[in-house]
Amino acid sequence: FELTPTIQEIAFLAPVGDVLGPYVDEGEFRITKILDRKPLPDSVRASHILVRVQTREQYLAAVSLLDSLRNLVETGQGRFDSLAMKFSQDPGSAIKGGDLGFTTPGKMVKPFNDAIFFQMKEGDLKMVLSQFGVHLILLNEAAYSSNTMGVHLATIGETIIPGDEVTNGLFDFAQTIIQENRTLDALEQALSKDGRYSLQVVGNLFENTY
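Residues numbered from 1 in each chain as written. Predicted model: local features only at pLDDT ≥ 70, side-chain atom pairs only at ≥ 80, totals over all residues. Heavy atoms only, no water.

Chemist: Help me understand the overall build of the protein, please; the structure alone is not making it clear to me.
Modeler: Along the backbone of the protein there are 7 helices and 7 strands. Seen in sequence order, the protein has helices and strands lined up from the N terminus as α-β-β-β-α-α-α-β-α-β-β-β-α-α. Against the 2.2 N^0.38 benchmark of 17 Å for 210 residues, the protein shows a C-alpha radius of gyration of 27 Å, more extended than a compact globule. Across its three principal directions, the C-alpha atoms of the protein cover 85 × 45 × 35 Å. Counting all 210 residues of the protein, 31% fall into the buried class. Contacts spanning at least 24 positions in sequence make up 59% of the contacts within the protein whose residues lie at least 6 apart. Accessible surface for the protein amounts to roughly 14100 Å². Of this, 53% is attributable to carbon and sulfur atoms. (Helix = DSSP H or I, 4+ residues; strand = E, 2+ residues; numbered from the N terminus. Rg over C-alpha atoms; globule rule 2.2 N^0.38 Å. Buried < 20%, exposed > 50% of the residue type's maximum accessible area, 1.4 Å probe, protein only. Contact = heavy atoms within 4.5 Å. Areas by Shrake-Rupley, 256 points an atom, 1.4 Å probe, with all protein chains shown as cover.)

Here is the structure:
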């Protein structure tokens, strides 16, 4: 995804492993760790074997199965496409041997996207968990043309919420300014004089509207 201006420049200059912040960005206090930085493929072609899970027991069984399948592929005892056709629970790709075709950054769910663009190289196998289940991924091809640099970040954020003192102060201000300025013109002038606030008019309201 596109980085916000607050973090964009320093994320590409600071050493990998550095922790940035705390800083304020998009209404949050944030700290960010730079996990990796490298040329980003413009597109990759990946295949996967998906096992859907809903419980911890199903998750453990899926990991055991996919680990066995990975071992078969790595030792040459099985072909990834054949195993995908037999075991994958993604019918759209299973029929094609697990092939998902070419994709660009940000089009897949985050764990899948991070794996194929940041954590894998051509020929690698990797297991990841997403909202769809457990995937065994094979990275078939990675295409580089624009030499775009990518940075892999981990961020912790906490929304900035005004405290009671600020909230109550604003409420008191609103009540006072409305009571002292009983017409729309007077209210507009008072807000304009203060300089910190603007008046927004809501449509579809009439004299008798409750």
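Chemist: What should I look at first to understand the pattern of salt bridges in this one?
Modeler: As a working rule, side chains carrying opposite charge can pair if their charged atoms are close by. The full count for this structure, using the stated rule, is 9 salt bridges. Between Asp25 and Arg30 there is a salt bridge, with its nearest N and O atoms 3.5 Å apart. An identical accessibility class is assigned to Asp25 and Arg30; each is buried. A salt bridge links Asp67 to Arg70; its shortest N-O distance comes to 2.9 Å. Highlighted residues: Asp67 and Arg70, both in helix α2 (residues 56-74), separated by 3 residues, approximately one helical turn. One connected set of salt bridges, linked through shared partners, spans Asp25, Glu26, Glu28 and Arg30. (Salt bridge = Lys/Arg side-chain N within 4 Å of Asp/Glu carboxyl O.)

Chemist: What exactly am I supposed to notice about the sheet that holds strand β7 (residues 149-159) here?
Modeler: Strands pair in a sheet through their backbones, by hydrogen bonds, and they do so in one of two ways: parallel or antiparallel. Within the open sheet, the 3 strands sit side by side as β1-β2-β7. Their pairing is antiparallel. Pairing within the sheet leaves two strands with one partner each, and these edge strands are β1 (19-25) and β7. The average angle at which neighbouring strand axes cross in this sheet is 30°, direction not considered. Relative to β1, helix α1 (residues 5-13) is tilted by about 170°, and along the sheet it contacts β1, β2 (28-39) and β7. (Pairing = 2+ DSSP bridges. Axes fitted to C-alpha atoms, helices over the stretch in contact; angles between N-to-C directions.)

Chemist: Which parts of the structure should I look at to understand the pairing of strand β6 (residues 133-143)?
Modeler: With 8 of its 11 residues buried, β6 lies for the most part within the structure. Bridge count for strand β3 (residues 43-51) against β6 is 9 bridges, and the pairing is antiparallel. Bridged to Ser47 within β6 is Leu138. In terms of strand pairing, strand β5 (residues 125-130) meets β6 through 6 bridges, oriented antiparallel. Following the sheet pairing, Ser130 is matched in β6 by Gly133.

Chemist: Even after reading the chapter, I still don't get unusual backbone geometry, so can you show me in this structure?
Modeler: Omega for the peptide link from Gly21 to Pro22 comes to 10°, which places this bond in the cis form. Looking at where Pro22 falls in the secondary structure, it is placed in strand β1. Located in the positive-phi region is Glu26, a residue other than glycine, with phi close to 50°. On the secondary structure map, Glu26 appears in the loop between β1 and β2.

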